[in-house]
Amino acid sequence: MAGADSDDSLYPIAVLIDELRNEDVQLRLNSIKKLSTIALALGVERTRTELLPFLTDTIYDEDEVLLALAEQLGNFTMLVGGPEYVHCLLPPLESLATVEETVVRDKAVESLRKISHEHSPVDLEVHFEPLVKRLASGDWFTSRTSACGLFSVCYPRVSSTVKAEIRQHFRTLCSDDTPMVRRAAASKLGEFAKVLELEYVKSDIISLFTALASDEQDSVRLLAVEAGVSIATLLPQEDLEALVMPTLRQAAEDKSWRVRYMVADKFSDLQKAVGPEITKNDLVPAFQNLLKDCEAEVRAAAANKVKEFCENLPEDSRETIIMTHILPCVKELVSDTNQHVKSALASVIMGLSTILGKDNTIEHLLPLFLAQLKDECPEVRLNIISNLDCVNEVIGIRQLSQSLLPAIVELAEDAKWRVRLAIIEYMPLLAGQLGVEFFDEKLNSLCMAWLVDHVYAIREAATCNLMKLVEKFGAEWAQNTIVPKVLGMANDPNYLHRMTTLFCINALSEVCGQEITTKHMLPVVFKMSNDQVANVRFNVAKSLQKIGPVLDSNCLQTEVKPVLEKLASDQDIDVKYFAQEAISVLSLA
């Protein structure tokens with residue numbers, strides 16, 4: 001019996017070994033995903049002595065299996081006996097951190113970072129820190145790139161001697177021969193700086209930052225920009241000008257557009273990090289240059305930041321800076337040759353009106369908005385329309401309405417259905433801003449036209465749009481303007497349009513309430529139960545099920561029930577099915 005017991009206890013590991021050696025990748029993947037169950041069955045001691053060595057020795061698999069393993073091991077602390085044994089997980093993760101596939105290495109580093117917090121300070125020095133050193137001085141660049149992500153998690157919790165060694169290793173990796181390693185070091189430089197003592201930030205990190213920011217590879221230089229922003233947040237104001245700004249100024253004029261793009265992309269963060277004085281003296285001219293950059297990608301990234309940049313300018317000089325330095329560049333971008341640049345600007349330019357106030361908006365911004373509403377690119381017009389609420393708050397929508405209408409009409413009839421869809425989604429917002437008379441006069445017919453669009457997604461969105469409009473303008477408005485038009489479609493020769501009538505009734509019954517539904521909409525639904533097309537008839541059954549809860553019980557029994565019973569004996573199988581379902585849901589049986 002004892003023998004049988006021990007055989008039983010070996011069973012899970014035997015199955016795992018079989019499955020891990022199976023030729024089918026999917027089976028191997030499934031067995032890795034069940035690792036925690038297997039570890040539970042084995043118990044903590046055997047997991048440490050058998051399972052982990054086995055896993056460490058068999059790491060030579062497909063990338064997706066290794067990825068799953070790297071992820072699993074990050075959650076294994078309790079399965080090996082808790083924090084005091086957590087170092088047992090280091091060998092397999094160390095192997096995974098050196099493999100060729102980047103996503104596997106990244107996941108192994110993520111798991112190592114996670115379990116580093118579960119090491120006691122002593123274990124961290126005895127087990128974890130040596131692993132970091134081994135990776136940092138490994139022969140393969142893969143292990144050295146992985147090491148870069150581990151310095152910041154162990155640095156704060158080790159003794160000063162070990163700290164000095166860690167700083168030295170990081171310095172070495174920053175000047176590694178392989179660009180991939182320098183890239184990894186540059187990407188972790190800001191994070192590492194955050195855990196260092198200020199004196200070492202000044203003595204070590206600044207020189208590394210300067211070196212990486214002038215690396216021969218632009219992929220390294222652009223990552224140094226991000227690090228520069230992090231470093232700027234750590235230094236006292238008086239050190240910024242001398243230690244960080246020369247390098248960042250150089251980056252903003254780098255010969256590679258990718259580096260300049262990165263500066264533009266991080267501009268708001270940089271502005272917050274360096275404070276108002278440096279912003280006025282250094283960042284305003286740099287931002288102007290980025291807005292005028294010769295590469296469209298850089299101009300677009302800078303255009304995207306216009307509103308944020310202006311919002312964060314020091315209050316006492318905000319208006320002057322915008323009017324004299326930023327607005328002239330913005331005016332040029334409105335007629336840029338590249339549509340991505342114009343589109344990026346259109347998504348933020350409306351926000352300037354709240355910063356500049358009514359008079360400036362009317363005099364300087366309004367002509368720009370109107371020009372963009374006439375732009376040939378639908379994206380630009382759409383971005384302006386979707387941000388109208390900012391301008392509405394400052395000057396009211398009337399000023400824009402004359403130019404707004406042609407732009408809306410063009411977008412509403414745009415050949416690309418996604419553009420039509422986007423404008424439908426803004427309709428309730430626009431309607432609320434323009435008011436009911438303007439809406440009825442100019443936009444109502446558009447909303448009805450969408451109901452018969454040839455694309456189903458548009459018809460569906462148009463139905464939903466009607467419901468939101470009724471919520472805005474009220475049931476009485478619906479009864480006078482919308483309901484008659486919707487019900488008129490019930491006689492349309494195209495059965496798809498007749499079905500749209502039913503979908504609209506479903507949506508409108510909720511917001512219009514019992515009286516309008518019973519008096520105006522229900523008779524039309526009943527009439528449509530005799531439609532020649534089976535699709536229309538079964539949608540009648542579905543509509544009656546949907547609007548049933550709005551109706552009173554007398555109407556349900558005397559009017560709805562007979563119609564559903566008639567449909568329940570229809571020749572068409574689908575019509576029967578939906579009618580019977582409606583009868584049971586509405587409890588009319």
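Notes on the structure follow.

Here is what the cut-offs are and how they apply
Residues numbered from 1 in each chain as written. Predicted model: local features only at pLDDT ≥ 70, side-chain atom pairs only at ≥ 80, totals over all residues. Heavy atoms only, no water. Axes fitted to C-alpha atoms, helices over the stretch in contact; angles between N-to-C directions. Helix = DSSP H or I, 4+ residues; strand = E, 2+ residues; numbered from the N terminus. Left-handed = near helix turned anticlockwise from the far one by under 90°. Contact = heavy atoms within 4.5 Å. Nonpolar A, V, L, I, M, F, W, Y, C, P; charged D, E, K, R; others polar. Parallel < 35°, antiparallel > 145°, perpendicular 65-115°, else oblique. 1 Å grid on protein atoms, 1.4 Å probe; cavity = no way out; pocket = protein on both sides within 12 Å on 5 of 7 lines; lining within 4 Å. Points joined across faces, edges and corners; volume = space filled by probe spheres on them. Salt bridge = Lys/Arg side-chain N within 4 Å of Asp/Glu carboxyl O. Buried < 20%, exposed > 50% of the residue type's maximum accessible area, 1.4 Å probe, protein only. Phe/Tyr/Trp six-rings, centres within 6.5 Å; stacked < 30°, edge-to-face > 60°.

## Points about the packing of helix H34 (residues 553–568) against helix H35 (residues 573–585)
Then, number 1: At a closest axis distance of 7 Å, the pairing of H34 and H35 adopts a crossing angle of 145°. The handedness of the crossing between H34 and H35 is left-handed. Along its contact with H34, which presents Leu564, Glu565, Leu567 and Ala568, the element H35 presents Val575, Lys576, Ala579, Gln580, Ala582 and Ile583.
Then, number 2: The class makeup of the residues in the contact of H34 with H35 is 7 nonpolar, 1 polar and 2 charged.

## Here we look at the packing of helix H17 (residues 257–265) against helix H19 (residues 296–304)
Then, number 1: At a closest axis distance of 8 Å, the pairing of H17 and H19 adopts a crossing angle of 5°. Taken together, the axis directions place H17 and H19 in an arrangement best described as roughly parallel. Each of Trp257, Arg260, Tyr261, Ala264 and Asp265 in H17 lies in contact with H19, whose residues at this interface are Glu297, Val298, Ala301 and Ala302.
Then, number 2: The residue inventory of the contact of H17 with H19, partitioned by class, reads 6 nonpolar, no polar and 3 charged.

## Some remarks on empty space enclosed by the protein
Then, number 1: A full pass over the atoms with the stated rule returns 2 cavities of 30 Å³ or more.
Then, number 2: Here the largest cavity is characterised by a volume of approximately 70 Å³.
Then, number 3: Secondary structure elements with two or more residues in the lining of the largest cavity: helix H13 (198–213), helix H14 (218–234) and helix H16 (245–252).
Then, number 4: Among the elements that take part in the lining of the largest cavity, H16 stands out by supplying 4 residues, more than any other.
Then, number 5: Volume-wise, the second largest cavity comes out at about 40 Å³.
Then, number 6: Lining the second largest cavity are Met245, Leu248, Arg249, Ala252, Val263, Phe267, Leu270, Asp282, Leu283 and Ala286.
Then, number 7: Taken together, the elements giving at least two residues each to the lining of the second largest cavity come down to H16 and helix H18 (267–291).

## Brief notes about the pattern of salt bridges
Pairing between side chains of opposite charge can happen when their charged atoms approach one another.
Then, number 1: Here the structure, examined in full by the defined rule, presents 22 salt bridges.
Then, number 2: Between Lys107 and Glu110 there is a salt bridge, with the nearest N and O atoms lying 3.5 Å from each other. Of this pair, Lys107 and Glu110 both sit in helix H7 (residues 102–116), 3 residues apart, which is roughly one turn of that helix.
Then, number 3: Here Asp215 ties to Arg182 by a salt bridge, and the two come within 2.5 Å at their closest N and O atoms. A residue pair is termed long-range when its members are at least 10 positions apart, and Asp215 in the loop between H13 and H14 and Arg182 in helix H12 (residues 179–195) qualify at 33 residues. Assigned by exposure class, Asp215 and Arg182 land together as buried.
Then, number 4: One salt-bridge network, held together by shared partners, links Glu129, Lys133 and Glu165.

## A word on the packing of aromatic side chains
Then, number 1: Applying the stated rule across the entire model yields 11 aromatic pairs.
Then, number 2: Summarising the aromatic geometry, the rings of Tyr155 and Phe192 are spaced 5.6 Å apart at their centres and angled 85° between planes, so their arrangement reads as edge-to-face. Taken together, the positions of Tyr155 in the loop between helix H10 (151–154) and helix H11 (160–174) and Phe192 in helix H12 put the pair 37 residues apart, joining distant regions of the chain. Accessibility classification places Tyr155 together with Phe192 in one group, the buried group.
Then, number 3: Between the aromatic rings of Trp257 and Tyr261, the centroid separation amounts to 6.4 Å while the plane-to-plane angle is 85°, which identifies the pairing as edge-to-face. With Trp257 and Tyr261 both in helix H17 and 4 residues apart, the pair spans about one turn of that helix.
Then, number 4: Owing to a relative accessible area of 27%, Trp257 belongs among the partly exposed residues under this scheme.
Then, number 5: One aromatic cluster in this structure is built from Phe151, Tyr155, Phe170 and Phe192.

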